[in-house]
Amino acid sequence: MTQTPLKPFLRWAGGKRWLFESGQFSLPSFKGRYIEPFLGGGAVFFELQPTNALLSDANGRLIELYTVVRDEWEKFEQLLRQHAVAHSKNYYYETRLKRFRSPVKRAAQFMYLNRVCWNGLYRENKKGQFNVPIGTKQTVIFPDDDFQAWSKALEGATLIQQDFEIAIDAARRGDFLFIDPPYTVRHNMNGFVRYNQHIFAWSDQIRLRDALSRAVDRGAKFAMTNADHKSVRELYRGFGQHTHIARYSVIAGNSFYRSPATELLIAK
C-alpha cells in the first residue's frame, strides 16, 4: 500500500478528498481488509489503494460504473471520448433520457453525465431516473485521467450493491472500515435525507451505530465522518474518539454561500 495516491474519477457530493488535502486526517495502519459501505466517489479508497477491499453502495449504477472501470476500462474510455466529442447542451439532455442495455454503455453514460452535470450531483426521481440539469463545467476528459491506473487500483476490490449494514457485518478482526453516510440528523426534514432514490432516515443512523458497535466488538477498526450536530454527537456519546474537522461547503451554486463548516470525525 505504497502507491502514489490517485484522484477519484467521479465528482461526488460530499466527497472526502479534502480530508487528505487539508492534512486533518491520516489513515490508521491495519492488517486486514479495507471496507467502505458508502462508496460514493471513493476518495479514501484511491488515496490508500488497498490490495484487498470490499466496496459497496446502495446505488447500483455507481457500483456498475466501478466494475466496468475495473474490468473494461479501454472500451469504457473509448465510449467516454465519443461522448466528449458529441457533447453539447442538447446532447446532454438527449443522453440523459437514453436507456442502454450494455453495462459498459450505461457506465460511460453515467460518467459523462457526472462530468458535466450540475456540481457532480447524483439525484434520481421517484422512478429512479437521473434528473440533474447540465452544469457550468463542460470538460468530459481531463489531461490527467488515467483509467488504466484506476482499473489497476480496483483489481483487488470486491464490488457489491448492498445495504451498508451487510457490509459492516462482514468486518472481522484486523479489518478497517471507512464510513461516510448521508448526513441525517434527528430533526432535519423530520429525520431523513434522500439518498439517491432511497431515504436515509434517522433510524438508519441508529442502525449504523449499532452495526459499528458490533464490528468493533469483533476487533475491527473504523473512521467515520458525519454531521457535526448535537443529535449525532449524542448518538455516539462514549463511543470512539470525536474530532471536529473544518471544511468548506462546495454544493452551493453561488460561491458566496460556500461557507466554512465543521464535520464530526469519529474513530475507534
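Thresholds, definitions, all that
- Residues numbered from 1 in each chain as written.
- Predicted model: local features only at pLDDT ≥ 70, side-chain atom pairs only at ≥ 80, totals over all residues.
- Heavy atoms only, no water.
- Core = buried A, V, L, I, M, F, W, Y, C linked by side-chain atoms within 4.5 Å.
- Buried < 20%, exposed > 50% of the residue type's maximum accessible area, 1.4 Å probe, protein only.
- Helix = DSSP H or I, 4+ residues; strand = E, 2+ residues; numbered from the N terminus.
- Contact = heavy atoms within 4.5 Å.
- pLDDT = per-residue confidence, 0-100.
- Phe/Tyr/Trp six-rings, centres within 6.5 Å; stacked < 30°, edge-to-face > 60°.

*Asks:* Kindly report on the nonpolar core, identifying the contributing residues and their values.
*Replies:* Membership of the largest hydrophobic core comes to 55 residues, with the highest contact counts inside it found for Tyr34 and Phe76. The element that contributes the greatest number of residues to this core is helix H6 (residues 103-116), accounting for eight residues. Ignoring anything within four residues of it in the chain, the contact list for Tyr34 reads Val44, Phe45, Leu48, Pro50, Asn52, Ala53, Leu54, Leu55, Phe176 and Phe178. Judged by nonpolar contacts, the second largest core, of 27 residues, contains Phe38, Phe200, Ala220 and Phe239.

*Asks:* Tell me about the confidence of the model for the protein chain, and name the residues and values.
*Replies:* In this model, the protein chain carries an average pLDDT of 88, and 90% of its residues clear a pLDDT of 70 or more. In this model residues 189-197 is a low-confidence stretch, pLDDT under 50, and it forms 29 contacts with partners more than four residues away in sequence or in other chains. Here residues 250-258 is a poorly scored stretch, pLDDT under 50, and it has 13 contacts once near neighbours within four places are set aside; other chains count.

*Asks:* Just give me the short version of the packing of aromatic side chains, but keep the residues and values in it.
*Replies:* In total, this model carries 21 aromatic pairs according to the counting rule given. Judged by centre distance (5.9 Å) and plane angle (80°), the ring pair of Phe38 and Phe200 falls under edge-to-face. With a gap of 162 residues between them, Phe38 in the loop between strand S1 (34-36) and helix H2 (43-48) and Phe200 in strand S6 (residues 198-201) connect regions that are remote in the sequence. Each member of the pair, Phe38 together with Phe200, is buried. Every member of this aromatic cluster is reached through a ring pair, and the members are Phe9, Phe30, Tyr34, Phe45, Phe46, Tyr66, Phe76, Phe147, Trp150 and Phe176.

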